[in-house]
Amino acid sequence: MVKLLVTGGAGFIGSNFIRHILKEHPDWYIVNLDKLTYAGNLENLKDVEDNPCYRFVRGDIADRELVDRLFREEKFDLVANLAAESHVDRSILDPAPFIETNIKGTQVLLEAARQHGVRKFLQVSTDEVYGSLQPDDPPFTEASPIRPNSPYSASKAAADLFCRAYFRTYGVPVVITRCSNNYGPYQFPEKFIPVCITNALEGKPIPMYGDGLNIRDWIHVEDHCQALDLVLQKGRPGEVYNIGASNEHTNLEIVKTILKLMGKPESLITFVKDRPGHDRRYAIDAKKIRQELGWAPARDFVSGLEELIHWYTINTSWWERVKSGEYREYAEKWYGSL
Ligand code: NAD
Ligand code: DAU
């Protein structure tokens, strides 16, 4: 039996990834280590909590003793590190937790992998480590320079460099993936697409940073999870794999498409001050994973958005609960600062 440690499994991508792995590999055993920060929610995994191939452990990836004990107990074959402080705007308000979880937490996991031995260590990173593109630049490749611009992306870049060092120095079999912007069910409503959909459902204004012409390259979370599964199994240690679906849109295009699909007025769009250090454009060249591992995205963007609008429409209790909790205080502080 393959034993897989997933960190951050109660978050957006982590919960989708655990569901994907349990479906695709019914003979694997997963331990989900999650601190349950504001972004972690066990409701995201209600449908798998009784699965005998799944165990949840509440804990911090930066807690050296706990991580060491877990590795000794479970003897993991594979590690997928998805635990992170993941929101750029929060990193602008307070970078400290990003250093603790994204950098120190990753180093603690790498050290446990070094001490106990694993077959593969997957570091789930982001295209944001490459910095920002101008409209006419070619998309990021794995050889693009690392030029992070936000405290969030700086912390992810630092973690990537520790991964590289642990591979080069100690031979820990690390593989890094760098994916573009994800959308899909269970995304915390602080992120742009859920902000658009849930605010529109509530008839509230949708805050648009700056001129709304910043570009992101969107991918459905299921396509990301499929790519992570492949890299975990077949990715070459020491390598980086970009993941993206070549689906670039300005933020204004996104919000207008969503409002049209929902039958809501464009008057909900409200321009606000720009995010400090706001990256202008991300775009991913995913040739390497396509050619080497045979990956290809399967989801169509507009039908994916339609499905997602339906998901948020029938799961109002999920996001209303999330939005009425810690999020309310954060949103007042953040949007109040713009
Ligand atoms: P998320 O914020 O929805 O979830 C993060 C999860 O990590 C939560 O369950 C949280 O409780 C947990 N966590 C945070 N700190 C922890 C700690 N110290 N110890 C244990 N658990 C902790 O994030 P997400 O959007 O699902 O992103 C998951 C990963 O994918 C992150 O590493 C992120 O950098 C990366 N990523 C995200 C995107 C995207 O578009 N969302 C794109 C590319 C890469
Ligand atoms: O590119 C991958 C990254 O994508 C991940 O590594 C991050 O974890 C994830 O949060 C995401 O970062 P972004 O900053 O690109 O995503 P966000 O959803 O915060 O914002 C997307 C775009 O929308 C960005 O240009 C800022 C803009 N925006 C965002 C919010 C929340 C707005 O105009 N208004 C908003 O209210």
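On a predicted model such as this, the values are computed, not experimentally measured, just so you know.

Conventions used here
Residue numbers restart at each chain and count upward from 1, following the sequence in its written direction. Naming scheme: in the order in which they are written, chains are lettered from A and ligands are numbered from 1. Local features in this predicted model are restricted to residues whose pLDDT is 70 or higher, and side-chain atom pairs enter the listing and the counts only when it is 80 or higher, whereas totals over whole chains, interfaces and linings include all residues. When DSSP locates at least two bridges between a pair of strands, those strands are taken to pair. Starting at the N terminus, helices and strands are each numbered in turn, a helix being any DSSP run of H or I of at least four residues and a strand any DSSP run of E of at least two. Between N-to-C directions, angles cover 0 to 180 degrees, with each direction set by a line fitted to C-alpha atoms, over the stretch in contact for helices. Nearness between a residue and a molecule or strand is assessed with a C-beta atom placed from the backbone; a distance within 6 Å qualifies. Only Asp, Glu, Lys and Arg are considered charged, only Ala, Val, Leu, Ile, Met, Phe, Trp, Tyr, Cys and Pro nonpolar, and every remaining residue, Gly among them, polar. Roughly parallel means an angle under 35 degrees; roughly antiparallel, over 145; roughly perpendicular, 65 to 115; everything else is oblique. Left-handed describes a crossing in which the near helix is turned anticlockwise from the far one by less than a right angle; the clockwise case is right-handed. The contact criterion used is a C-beta to C-beta distance within 7 Å, with each C-beta placed from the backbone. Here, a nonpolar core denotes buried Ala, Val, Leu, Ile, Met, Phe, Trp, Tyr and Cys residues that are linked to one another through C-beta atoms within 7 Å. Partly exposed residues are those falling between the two cut-offs: more than 12 but fewer than 20 other C-beta atoms within 10 Å of their own, whereas 20 or more means buried and 12 or fewer means exposed, with C-beta atoms placed from the backbone. Note that domain bounds follow an automatic or database assignment of domains. UniProt positions are given in the numbering used here, feature names are shortened, and annotations may be inferred rather than shown by experiment. The quantity called pLDDT is the predictor's confidence in a given residue, expressed from 0 to 100.

Some thoughts on the sheet that holds strand 7 (residues 181-183)
Strands in a sheet are paired, the pairing made by backbone hydrogen bonds, and the direction either parallel or antiparallel.
Part 1: The sheet built from three strands is open, its strands ordered 7-9-11 with mixed pairing. Here the strands that pair on one side only, and so sit at the sheet edges, are strand 7 and strand 11 (248-250). When the angles between neighbouring strand axes are averaged without regard to direction, this sheet yields 50°.
Part 2: Here strand 7 pairs with strand 9 (residues 215-220) via three bridges, running parallel. Each bridged residue has a counterpart across the sheet, and for Asn182 the counterpart in strand 9 is Ile219.

Focus on the site of ligand 1
Part 1: The environment of ligand 1 is formed by 31 residues, the closest being Gly8, Gly11, Ala39, Gly40 and Ala84.
Part 2: Among the elements of the structure, helix 1 (12-24), strand 2 (29-34), helix 4 (96-116), strand 5 (120-126) and strand 7 are those that each provide at least two residues to the shell around ligand 1.
Part 3: Its residues placed into classes, the shell around ligand 1 shows 14 nonpolar, twelve polar and five charged.

As for the packing of helix 1 against helix 7 (residues 221-234)
Part 1: Relative to each other, helix 1 and helix 7 sit at 60°, their axes nearing to 9 Å. When the interaxial angle is binned, helix 1 and helix 7 end up oblique. With respect to the hand of their crossing, helix 1 and helix 7 are arranged in right-handed fashion. Across the interface between the two elements, Phe12, Ile13, Asn16, Phe17, His20, Ile21 and Glu24 from helix 1 touch Val221, Glu222, His224, Cys225, Gln226, Leu228 and Asp229 from helix 7.

Quick word on the nonpolar core
Part 1: With 87 residues, the main nonpolar core has Phe17, Val79, Ala80, Leu122, Cys196 and Leu228 as its most contacted residues.
Part 2: Looking at which element gives the most residues to this core, the answer is helix 5 (residues 151-170), with seven residues.
Part 3: In terms of domain composition, this core takes at least three residues from each of domain 1 (3-182 + 219-243) and domain 2 (187-216 + 247-277 + 299-327).
Part 4: Discounting chain neighbours no more than four positions away, the residues touching Phe17 are Val6, Ala80, Leu82, Cys225 and Leu228.

Focus on the environment of Leu305
Part 1: Positionally, Leu305 belongs in helix 10 (residues 301-314).
Part 2: The class of Leu305 is buried, set by 21 C-beta atoms lying within 10 Å.
Part 3: Taking the C-alpha atoms as reference points, Leu305 and Ile258, separated by 47 residues in sequence, lie 7.3 Å from one another.
Part 4: Once residues within four sequence positions are removed from consideration, Leu305 is found in contact with Thr257, Ile258 and Leu261.

Topic: the UniProt feature "domain: NAD(P)-binding" (unreviewed entry) in the protein chain
Part 1: Summarizing the sequence annotation, UniProt attributes the feature "domain: NAD(P)-binding" (unreviewed entry) to residues 5-307 in the numbering used throughout.
Part 2: In residues 5-307, the share of helix is 40% and the share of strand is 18%. The end C-alpha atoms are 30 Å apart.

A word on the packing of helix 6 (residues 192-202) against helix 10
Part 1: Packing of helix 6 against helix 10 leaves a shortest axis separation of 10 Å and a crossing angle of 50°. Considering their axes alone, helix 6 and helix 10 lie oblique with respect to each other. Both helix 6 and helix 10 take part in a crossing whose hand is right-handed. Packed against helix 6, whose contacting residues are Pro194, Ile197, Thr198 and Leu201, the element helix 10 presents Leu308, Ile309, Tyr312 and Thr313 at the interface.
Part 2: Residues belonging to the contact of helix 6 with helix 10 are distributed by class as follows: six nonpolar, two polar and no charged.

Section: the site of ligand 2
Part 1: Around ligand 2 lies a shell of 19 residues, among which Ser86, Thr126, Lys191, Phe192 and Tyr209 are the nearest.
Part 2: When residues of the shell around ligand 2 are traced back to their parent elements, those giving at least two are helix 6 and strand 8 (206-209).
Part 3: Ranked by residues supplied to the shell around ligand 2, first place goes to strand 8 with three residues.
Part 4: Residues belonging to the shell around ligand 2 are distributed by class as follows: seven nonpolar, seven polar and five charged.
Part 5: Structurally, the shell around ligand 2 is a two-domain feature, drawing no fewer than three residues from each of domain 1 (3-182 + 219-243) and domain 2 (187-216 + 247-277 + 299-327).

Regarding the sheet that holds strand 3 (residues 54-58)
Part 1: If you trace the seven strands from one edge of the open sheet to the other, you get 3-2-1-4-5-6-10, paired in parallel fashion. Bordering the open sheet on either side are strand 3 and strand 10 (240-243), each of which pairs with just one other strand. Each adjacent strand pair in this sheet contributes to an overall mean axis angle of 20°, direction not counted.
Part 2: With four bridges joining them, strand 1 (residues 3-7) and strand 4 (residues 78-81) adopt parallel strand pairing.

Concerning the environment of Trp318
Part 1: Its location among the elements puts Trp318 in helix 11 (residues 316-324).
Part 2: For Trp318, a count of 18 C-beta atoms within 10 Å puts it in the partly exposed group.
Part 3: Through-space distance from the C-alpha of Trp318 to that of Tyr170 is 44 Å; in sequence the pair is 148 residues apart.

Quick look at the confidence of the model for the protein chain
Part 1: In the predicted model, the protein chain carries a mean pLDDT of 98, and the fraction of residues at 70 or more is 100%.
Part 2: Overall fold confidence (pTM) sits at 0.99, and the ipTM for the predicted complex is 0.99.

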